[in-house]
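Residues per chain are reported as follows:
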Amino acid sequence: MKTREPLQVLGRLYVPYANWVGETTSQFLCELRDKRRLRGTGCSECGKVFMPPRSVCPTCLASLETWVDLPTTGLLMTYTSVHYSFGREYQPMDPPYLLGIIRLDGADTGLCHFLGETSFEELRVGMKVEAVFKENREGNILDIAYFRPIKAAS
Ligand SMILES: [Zn+2]
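Residues numbered from 1 in each chain as written. Predicted model: local features only at pLDDT ≥ 70, side-chain atom pairs only at ≥ 80, totals over all residues.

Examining the overall build of the protein
For the protein, the count of helices and strands is one helix and eight strands. For the protein, the α and β elements follow one another from N to C terminus as α-β-β-β-β-β-β-β-β. A compact globule built from 154 residues would reach a C-alpha radius of gyration of about 15 Å, whereas the protein, at 19 Å, exceeds it by more than 25%. Structurally, the protein occupies a C-alpha span of about 70 × 45 × 30 Å along its principal axes. (Helix = DSSP H or I, 4+ residues; strand = E, 2+ residues; numbered from the N terminus. Rg over C-alpha atoms; globule rule 2.2 N^0.38 Å.)

Structural data, given as structure tokens:
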């Protein structure tokens, strides 16, 4: 028997899982959790410093085994405001919230994270920001609560 038309049923799956993040990310997250330290990896071939850390340089394919201590400050490269909710199980917090790409001082790549203690109207590309850490850290990227603008001393 032939089907006249292919019908579909639309649904949504939520699948809890636990997945090893790998050696490099494990080391990064342990330093973040235990010492509030942000460490990237550096490439001995091209000199780039990656934050978040990578195990292989995407430019020259070199193995990245050198850890580079980075400060908790950096520049806001771009930002957006999230208002769309696609389910609490898929988003780390309920919208609305602010997201940015932050390039830590001394790094060549950006880290995507929340922006706090600010408003969309206050944000500017190139502004200085700093990490605010959670008091009780658990070993994931949300141990950084958010990045906030560094206010000029008055
Ligand atoms: Zn490289």
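Considering the pairing of strand 5 (residues 97–104)
Note: strand 4 (residues 73–82) against strand 5, eight bridges, orientation antiparallel. Its bridge partner lying in strand 5, G74 is registered against L104. Note that strand 5 and strand 6 (residues 111–115) share five bridges and pair antiparallel. Along strand 6, the bridge assignment pairs L98 with L115. (Pairing = 2+ DSSP bridges.)

Regarding the pairing of strand 1 (residues 38–42)
Extensive coverage of strand 1 is indicated by the burial of five of its five residues. Burial of the side chains of strand 1 extends over both faces: L38, G40 and G42 are buried on one face and R39 and T41 on the other. One ladder, built from five bridges, connects strand 1 with strand 3 (residues 66–70); its direction is antiparallel. Its bridge partner being in strand 3, T41 is matched across the sheet by W67. Across two bridges, the pairing between strand 1 and strand 2 (residues 49–50) is antiparallel. Among the inter-strand pairings, T41 is bridged to a residue of strand 2, identified as F50. The hairpin turn running from strand 1 into strand 2, its antiparallel successor, is six residues long, and G47 in that turn takes a positive phi close to 85°. (Buried ≥ 20, exposed ≤ 12 C-beta atoms within 10 Å, placed from the backbone.)

Description of the sheet that holds strand 3
On the basis of which strands lie adjacent, the open sheet formed by three strands has the order 2-1-3 and antiparallel pairing. A single partner strand is all that each edge strand has here, and the edge strands are strand 2 and strand 3.

So, unusual backbone geometry
Along the chain, M51 connects to P52 via a cis peptide bond; the corresponding omega equals 0°. Note on placement: P52 falls in the loop between strand 2 and strand 3. Backbone torsion omega between P95 and P96 reads 5°, so that peptide bond is classified as cis. Among the secondary structure elements, P96 is positioned in the loop between strand 4 and strand 5. Of note, R36 is a non-glycine position whose phi angle comes to about 55°, a positive value. Tracing the sequence through the fold places R36 in the loop between helix 1 (23–35) and strand 1.

Remarks on the environment of I150
Within the fold, I150 resides in the segment after strand 8 (144–149). Sequence separation between I150 and M127 is 23 residues, and the spatial gap between their C-alpha atoms is 8.1 Å. With sequence-adjacent residues up to four places away left out, I150 is seen in contact with T73, K128, V129 and E130. (Contact = placed C-beta atoms within 7 Å.)

Brief notes about helix 1
Here helix 1 contains 13 residues, and its C-alpha end-to-end distance of 18 Å stays within 8% of the 18 Å for a straight helix at 1.5 Å per residue. Immediately downstream of helix 1, the backbone of R36 shows phi near 55°, a positive value. (Expected span 1.5 Å × (residues − 1).)

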